[in-house]
Amino acid sequence: MNKTSLAVIMITLNEGHNLPRVLSNLKGWADEIFVLDSYSQDDTVDICLENNIEVIQKKFKGFGDQWNSALRSFNIKSDWVMKLDPDEVLSEELKKNIIEQISQSQFDGFYLKRRLWFMGKPLPVNQRILRIWKKGLCTFSDSLVNEYPSVKGLLGDCKGELKHFDSPNLDHWINKQNKYTTAEARSSYLNLGLAD
């Protein structure tokens, strides 16, 4: 590995419908790809193995716990690490700028601009999210949902677009929102100290 080597880490649960697209997007660009799976019931693990991707399975307790476990579980050789969701893809401009930025090494981590897509169409919603850091500098908040990375050091921005393809249909979106709102309610309940 050289100083511009980059590892991509994903966590999955039944992401077989998204993996072919994201793996195609990463092919020939990422030096390493790792997947921490939450015991998917679809073909997620099979797709990973067919693409020679190292996959480990761990019971899901919360997003923060799962991401921290992902950072600890793999023997990452690359100098840089990127958090990626299976329903995201990088524009060619973003890929180019990431490699340029990490080769200059002026920063310890980078924010990306994420554009939300819904049912195959782009939305006028852009988010600035921290997604890339030097290996060993990141930990995630211990959150059931809406986890966030904490990176020690100087942070910069990479130009280009990270496309987030949220929900191909309304049924998928409704099920996803039900799952997240239940987790948020549970988190609030635990934070109030009401649980036994």
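Everything below is about the structure shown above.
Just so it is clear, the structure is predicted and the values come from calculations on it, not from any experiment.

**Student:** What exactly am I supposed to notice about the overall build of the protein here?
**Tutor:** Looking only at helices and strands, the protein features five helices and ten strands. Looking at the protein residue by residue over its 196 residues, the buried ones come to 48%. Expressed as a percentage of contacts within the protein between residues at least 6 apart in sequence, the contacts between residues at least 24 apart total 70%. A total accessible area of about 10,600 Å² is found for the protein, and carbon and sulfur atoms account for 50% of it.

**Student:** Sorry, what's going on with the sheet that holds strand S2 (residues 32–37) here?
**Tutor:** Consider a sheet: its strands pair through backbone hydrogen bonds, and that pairing is either parallel or antiparallel. Strand order in the open sheet formed by eight strands is S3-S2-S1-S4-S7-S6-S10-S5, with mixed pairing between adjacent strands. Of all the strands in the sheet, just strand S3 (54–57) and strand S5 (88–90) have a single pairing partner and so form its edges. Neighbour-to-neighbour, the strand axes of this sheet turn through a mean angle of 25°, independent of strand direction. Pairing of strand S1 (residues 6–12) with S2 involves six bridges; the strand directions are parallel. Paired with Val 8 across the strands is Ile 33, a residue of S2. The strands touched by helix H1 (residues 19–26) within the sheet are S1, S2, S5 and strand S10 (155–166), with S5 carrying the most contacts at an inclination of about 20°. Relative to the sheet, helix H3 (residues 63–73) contacts S1, S2, S3, strand S4 (80–83) and strand S7 (121–134), its axis offset from that of S1 by approximately 140°.

**Student:** Got a minute to help me understand the nonpolar core in this structure?
**Tutor:** For soluble globular proteins, the rule of thumb is that nonpolar side chains tend to be buried together. Of all hydrophobic cores here, the largest spans 27 residues; its most connected members are Met 82 and Ile 98. When residues in this core are grouped by element, the largest group, four residues, is from H1.

**Student:** Teacher, can you tell me more about the side chain of Ser 91 here?
**Tutor:** Within the secondary structure, Ser 91 sits in the loop between S5 and helix H4 (92–104). Assessed through its relative accessible area of 15%, Ser 91 is described here as buried. For Ser 91, the side chain forms a polar contact with the main-chain nitrogen of Leu 94, separated by 3.1 Å. If sequence neighbours within four positions are ignored, Ser 91 has contacts with Gly 160 and Glu 161.

**Student:** Sorry if this is basic, but what is going on with the layout of surface pockets here?
**Tutor:** Regions of empty space are outlined by a rolling probe, equal in size to a water molecule, passed over the atoms. Roughly 210 Å³ of internal volume is contained in the second largest pocket. Looking at the second largest pocket, it is lined by 13 residues, and the ones nearest its centre are Leu 23, Lys 27, Ile 33, Asn 51 and Ile 53. Taken together, the elements giving at least two residues each to the lining of the second largest pocket come down to H1 and S2. When residues in the lining of the second largest pocket are grouped by element, the largest group, four residues, is from H1. Among the residues making up the lining of the second largest pocket, the classes are represented as six nonpolar, four polar and three charged.

Parameters at a glance
Residues numbered from 1 in each chain as written. Predicted model: local features only at pLDDT ≥ 70, side-chain atom pairs only at ≥ 80, totals over all residues. Heavy atoms only, no water. Helix = DSSP H or I, 4+ residues; strand = E, 2+ residues; numbered from the N terminus. Buried < 20%, exposed > 50% of the residue type's maximum accessible area, 1.4 Å probe, protein only. Contact = heavy atoms within 4.5 Å. Areas by Shrake-Rupley, 256 points an atom, 1.4 Å probe, with all protein chains shown as cover. Pairing = 2+ DSSP bridges. Axes fitted to C-alpha atoms, helices over the stretch in contact; angles between N-to-C directions. Core = buried A, V, L, I, M, F, W, Y, C linked by side-chain atoms within 4.5 Å. Polar contact = N/O pair within 3.5 Å; in protein donor to acceptor, adjacent residues only side chain to side chain. 1 Å grid on protein atoms, 1.4 Å probe; cavity = no way out; pocket = protein on both sides within 12 Å on 5 of 7 lines; lining within 4 Å. Points joined across faces, edges and corners; volume = space filled by probe spheres on them. Nonpolar A, V, L, I, M, F, W, Y, C, P; charged D, E, K, R; others polar.

Limitation: the analysis is restricted to geometry and does not speak to function.
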